[in-house]
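# Residue-level structural notes
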Amino acid sequence: MIKLTHENFIKARDYIFANSDDINRAWFRYNFEDGDTDAFMDVLAKYQHDDGGFGGLYYEFDYQGPCLKSTEVAIGYILNLKEKPSADCLVIQKMMGYILEQYHPEIGNWGDPAVPEVNDGVYNHWVRYRGAEITPIENENERIEKYDANEKVCFAAFVALYSEIVPEKLYRDIIKYPIEYIMRYWDENSPDYNKNIFVEGSPYDFEYFQWFVPCLKDKVIADKLTAILCQNPTAFMELDCTKSDADYVHLPCDSVNSPDNIVYPVVKDAVDNSLGYRIKQQSADGRWPLGWSFGKDERLVKLQTQYEAFRTMEMLAKLKRFGRIEL
């Protein structure tokens, strides 16, 4: 089994501390030094705005104000804490208020994860605010069929995780759409099974569903959804690791970030193999490069440096979960 050497671990740590911000340094300390949930949450709280949304946690634009995209990153941190904050935590309560305020029951989902102000600054074109108008969908079955999980079902995961502070009717409405979407269109035993999802679909939906399912309180439903997601997990993964050298692809270990992941048991060998490959892709300066360029503009270069420090920290946290670091 290939492991990250202690020397290369130190290089990665030094790159993070030299090129990143407070939250990534705090995430390093949480994972490799003290494991103190309260200390980490204190740092995370500094990125929360008065309305409960988070800003400054996403590195493909320089907008620092609150938006769903940065709030998504905050959710990712919380889901990866060994000990989750209680529902009484002020950060959690304010965060829930923001997320529920942004929900559109007329479509059963959230809208654009960016905000118009993103386009006033420096950004990558694929994360700009697109300004799509929310068109109400009157028919519930149509809302389910058109459910868009990418970047959005993570908010349903947060609602499920802290359902005790969400009005019951609203909670049921929010989780209904992703649950029904998976059961109807992802299950090969369903009469509505849509095989095109696995031919033309994005890997992002599959990856975000892995956030959502473990947060469900109803373990019978969670087990059913897990079994469905395990039916064809490699459809969204690039199994030829060499293609990641010169292209943006999702290797198995990019999709599965922990041995506790709900689909890990059925893709274990592929994940373990790709982890070894990713370890070897570390640069001499300690970072894990993106493999593509944000652009030559000085401001975009700065964003890319921040993003690669974030990516490097995420890689270290993942390797630790899998026991792949010589500490």
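Data block above holds the structure.
A few points on the structure. (Residues numbered from 1 in each chain as written. Predicted model: local features only at pLDDT ≥ 70, side-chain atom pairs only at ≥ 80, totals over all residues. Heavy atoms only, no water.)

### Structural notes on the pattern of salt bridges
Put simply, the test is: Salt bridges are defined by distance alone: a side-chain nitrogen of Lys or Arg within 4 Å of a carboxyl oxygen of Asp or Glu. Working definition: helices are DSSP H or I runs of at least four residues, strands are E runs of at least two. Numbering for both runs from the N terminus. Each residue is placed in one exposure class: buried if its accessible area under a 1.4 Å probe, protein chains only, is under 20% of its type's maximum, exposed if it is over 50%, and partly exposed if it falls in between.
Applying the stated criterion across every chain, the model contains 15 salt bridges. Of the charged contacts, one joins Arg184 and Glu180 as a salt bridge, the two residues approaching to 3.2 Å between their closest N and O atoms. Of this pair, Arg184 and Glu180 both sit in helix α8 (residues 168-185), four residues apart, which is roughly one turn of the helix. On the accessibility criterion, Glu180 (25% relative accessible area) is partly exposed. We note a salt bridge from Arg278 to Asp254, for which the minimum N-O separation is 2.6 Å. Within this pair, whereas Arg278 is found in helix α13 (residues 264-280), its partner Asp254 is found in helix α12 (residues 252-255), the two being separated by 24 residues in sequence. On the accessibility criterion, Asp254 (23% relative accessible area) is partly exposed. Taken together, the shared-partner salt bridges connect Lys69, Glu72 and Glu151 into one network.

### Notes on the environment of Pro203
Convention followed: Note on definitions: a residue-residue contact is assigned when non-hydrogen atoms from the two residues lie within 4.5 Å.
Looking at the secondary structure, you find Pro203 in helix α10 (residues 203-212). Its relative accessible area of 18% is what places Pro203 among the buried residues. Spatially, the C-alpha atom of Pro203 lies 10.0 Å from that of Glu238, the residues being 35 residues apart in sequence. With near-sequence residues (within four places) excluded, Pro203 lies in contact with Phe236 and His250.

### Topic: the side chain of Asp187
We count it as follows: In summary, the charge assignment counts Lys and Arg as positive and Asp and Glu as negative, without counting His or the chain termini.
Within the element layout of this structure, Asp187 appears in the loop between α8 and α9 (196-200). For the buried Asp187, no salt bridge is present, and the opposite-charge side chain at shortest range is Lys224, 9.2 Å distant. Non-local contacts of Asp187, meaning those with residues more than four positions away in its chain, are made with Ile182, Tyr193, Ile228 and Gln231.

### Let's talk about the layout of surface pockets
Counted only if it meets this: Within this scheme a cavity is a closed region of a 1 Å grid, computed over the protein atoms alone, that accommodates a 1.4 Å probe without allowing it to escape, whereas a pocket is open but has protein on both sides within 12 Å along at least five of seven lines; lining residues each have an atom within 4 Å of a point. Grid points are joined across faces, edges and corners, and a volume is the space filled by probe spheres set on the points. Amino acids outside the nonpolar list (Ala, Val, Leu, Ile, Met, Phe, Trp, Tyr, Cys, Pro) and the charged list (Asp, Glu, Lys, Arg) are all regarded as polar, and Gly is one of them.
Estimates place the volume of the second largest pocket at around 590 Å³. Lining the second largest pocket are 33 residues, with Trp110, Gly111, Asp112, Ile134 and Lys152 sitting closest to its centre. Breaking the lining of the second largest pocket down by element, the ones donating at least two residues are α4 (68-79) and β2 (109-110). The residue makeup of the lining of the second largest pocket, split by class, is 17 nonpolar, six polar and 10 charged.

### Comments concerning the environment of Val267
Within the secondary structure, Val267 is located in helix α13. Considering only alpha carbons, one finds Val267 and Pro66, 201 residues apart in sequence, at a separation of 37 Å. The residues touching Val267, leaving out its near neighbours within four places in the chain, are Pro233, Thr234, Met237 and Val256.

### A word on helix α5 (residues 90-101)
Worth spelling out the cut-off: In this analysis, the expected span of each helix is defined as 1.5 Å times one less than the number of residues it contains.
Under the 1.5 Å per step criterion, the end-to-end length of α5 is 17 Å for 12 residues, consistent within 8% with the ideal 16 Å. Residues of α5 that are buried include every one of Val91, Ile92, Met95, Met96, Tyr98, Ile99 and Leu100, and no others. Among the structural elements, α3 (37-45), α4, β1 (103-104), β2, α7 (153-161) and α8 are those in contact with the buried residues of α5.

### Side note on the packing of aromatic side chains
Stated formally: Put simply, two rings from Phe, Tyr or Trp (the six-membered ring, in Trp's case) pair if the centres are within 6.5 Å, and we call them stacked under 30 degrees between planes, edge-to-face over 60, tilted for the rest. Consider the ring centre and the ring normal. A charge sits over the ring if Lys NZ or Arg CZ is within 6 Å of that centre and within 35 degrees of that normal.
Applying the stated criterion across every chain, the model contains 30 aromatic pairs. Each ring, one from Tyr30 and one from Phe40, has its centre 6.1 Å from the other, and the planes form 50°; the classification is tilted. You can see Tyr30 sitting in helix α2 (residues 22-32) and its partner Phe40 sitting in helix α3, a full 10 residues away along the chain. Of the two residues, Tyr30 and Phe40, both sit in the buried class. Where Tyr58 meets Tyr307, the ring centres are 6.5 Å apart and the plane angle is 85°; that geometry is what we call edge-to-face. In this pair, Tyr58 is assigned in the loop between α3 and α4 and Tyr307 in helix α14 (residues 298-321), connecting sequence segments 249 residues apart. Looking at Lys320, its charged tip hangs above the ring of Phe32, at a distance of 5.5 Å from the centre.

### Details of the nonpolar core
The nonpolar side chains of soluble globular proteins are, as a tendency, buried together. Formally: Here, the term nonpolar core denotes a set of buried Ala, Val, Leu, Ile, Met, Phe, Trp, Tyr and Cys residues that are joined through side-chain atoms within 4.5 Å.
One finds Phe40, Leu44, Trp186, Phe212 and Leu316 to be the most contacted residues of the largest nonpolar core, which totals 112 residues. Look past the residues within four positions of Phe212 in its chain and what remains in contact with it is Val153, Ala156, Ala157, Ile175, Pro178, Ile179 and Leu225.

### A look at the packing of α3 against α4
Our working rule: Note on definitions: angles span 0 to 180 degrees between N-to-C directions of axes, and those axes are lines fitted to C-alpha atoms, for helices only across the stretch in contact. By definition in this entry, angles of less than 35 degrees are roughly parallel, angles greater than 145 are roughly antiparallel, angles of 65 to 115 are roughly perpendicular, and the rest are oblique.
The contact between α3 and α4 brings their axes to 12 Å, and the two run at 180°. Classified by the angle between their axes, α3 and α4 sit roughly antiparallel to one another. Each of Phe40, Met41 and Leu44 in α3 lies in contact with α4, whose residues at this interface are Ala74, Tyr77 and Ile78. Classifying every residue of the contact of α3 with α4 by side-chain character gives six nonpolar, no polar and no charged.

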